[in-house]
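Structural features, examined
Each chain, letter by letter, is given below.
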Amino acid sequence: MQNCIFCKIIAGEIPSRKVFEDERILVIEDVTPQAPLHLLLIPKKHYANCLDMDAQDDEVTGYIFRKAGEIARLKGVDQSGFRIVQNNGAGVGQSVFHIHFHLLAGRSFSWPPG
Ligand code: AMP
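Description of the structure in this document.

Scoring rules and cut-offs
Residues numbered from 1 in each chain as written. Predicted model: local features only at pLDDT ≥ 70, side-chain atom pairs only at ≥ 80, totals over all residues. Heavy atoms only, no water. Pairing = 2+ DSSP bridges. Helix = DSSP H or I, 4+ residues; strand = E, 2+ residues; numbered from the N terminus. Axes fitted to C-alpha atoms, helices over the stretch in contact; angles between N-to-C directions. Contact = heavy atoms within 4.5 Å. Phe/Tyr/Trp six-rings, centres within 6.5 Å; stacked < 30°, edge-to-face > 60°. Lys NZ or Arg CZ within 6 Å of the ring centre and 35° of its normal. Near = heavy atom within 4 Å. Polar contact = N/O pair within 3.5 Å; in protein donor to acceptor, adjacent residues only side chain to side chain. Areas by Shrake-Rupley, 256 points an atom, 1.4 Å probe, with all protein chains shown as cover. Nonpolar A, V, L, I, M, F, W, Y, C, P; charged D, E, K, R; others polar. Disulfide = S-S within 2.5 Å. Core = buried A, V, L, I, M, F, W, Y, C linked by side-chain atoms within 4.5 Å. Buried < 20%, exposed > 50% of the residue type's maximum accessible area, 1.4 Å probe, protein only.

**Quick notes on the sheet that holds strand S2 (residues 25–29)**
On the basis of which strands lie adjacent, the open sheet formed by 5 strands has the order S1-S2-S3-S5-S4 and antiparallel pairing. Strands with a single pairing partner mark the edges of an open sheet, and in this sheet they are strand S1 (18–21) and strand S4 (82–85). Geometrically, the sheet is characterised by an average inter-axis angle of 20° between neighbouring strands, direction not taken into account. Sheet strands in contact with helix H2 (residues 58–75) are S1, S2, strand S3 (37–43), S4 and strand S5 (101–105), and its direction is about 155° off that of S3.

This is the structure we're talking about:
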């Protein structure tokens, strides 16, 4: 999609610190990390957020959660714990309207989230 920063990263038009990539998803380091480990798991297909999903998107979100577990193990945060966050709407902090899942780890986290 035109003017989507994550579509441009996926297309290689904007540089990123890539952690994993395959035909379905891209995983990069967040440019403004909010924890010692802060990754973004991004489906390559553009849709804004949960409100924009249809049935054919069901599979990729399950895949992302499984990959998040694999990456957490590889990064050594599986035992200490990690948090997955996905914002839906500007009112709760979504700033990039191409769905993505934050994987955060490496510090203590409070609940409820702020
Ligand atoms: P959200 O606020 O949930 O939409 O998350 C968007 C995230 O994308 C933020 O944590 C930003 O720091 C991150 N971000 C924005 N631009 C880039 C970029 N060029 N490379 C990596 N992360 C980015």
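**Details of the packing of aromatic side chains**
Throughout the structure, instances matching the rule amount to 1 aromatic pair. Measuring from ring centre to ring centre gives 5.6 Å for Phe65 and Phe101, while their planes differ by 80°; the resulting arrangement is edge-to-face. Here the residue Phe65 occupies a position in helix H2, and Phe101 occupies one in strand S5, the gap between them amounting to 36 residues. When the ring centre of Tyr63 is taken as origin, the NZ or CZ atom of Arg24, which lies over that ring, is 3.7 Å away. Sitting above the plane of the Phe109 ring, Arg107 keeps its charged end 4.3 Å from the centroid.

**Some thoughts on the site of the ligand**
Surrounding the ligand, one finds 16 residues, the nearest of these being Asp30, Asn87, Gly93, Ser95 and His102. Between an oxygen atom of the ligand and a side-chain N or O atom of Asn87, the distance comes to 2.9 Å. Here an oxygen atom of the ligand and a side-chain polar atom of His100 are 2.9 Å apart. When the free accessible area of the ligand is taken as 510 Å², the share hidden by the protein chains comes to 84%. Every element with two or more residues in the shell around the ligand is listed here: helix H1 (5–10) and S2. Take the shell around the ligand: its biggest share by element is 3 residues, from H1. Split by residue class, the shell around the ligand holds 7 nonpolar, 7 polar and 2 charged.

**Looking at the state of the cysteines**
Across all of its chains, the model carries 0 disulfides by this definition. Free of any disulfide, Cys50 has its nearest cysteine sulfur in Cys4, 16 Å distant.

**Quick word on the nonpolar core**
If you look at the biggest cluster of nonpolar residues, it comprises 17 residues, and the most contacted ones within it are Ile25, Val27, Leu37, Leu39, Leu41 and Leu103. When contributions to this core are tallied by element, the ones reaching two or more residues are S2, S3, H2 and S5. Among the elements that take part in this core, H2 stands out by supplying 6 residues, more than any other. Beyond its immediate stretch of four places on either side in the chain, Ile25 contacts Phe20, Ile42, Pro43, Lys44, Val60, Tyr63, Ile64 and Lys67. Ranked by size, the runner-up nonpolar core spans 10 residues in total, among them Cys4, Ile9, Ile10 and Leu40.

**Thoughts on the side chain of His46**
Along the chain, His46 turns up in the loop between S3 and H2. A polar contact is formed between the side chain of His46 and the side chain of His98, at a distance of 3.1 Å. The residues contacting His46, other than those within four sequence positions of it, are Met1, Cys4, Cys7, Phe97 and His98.

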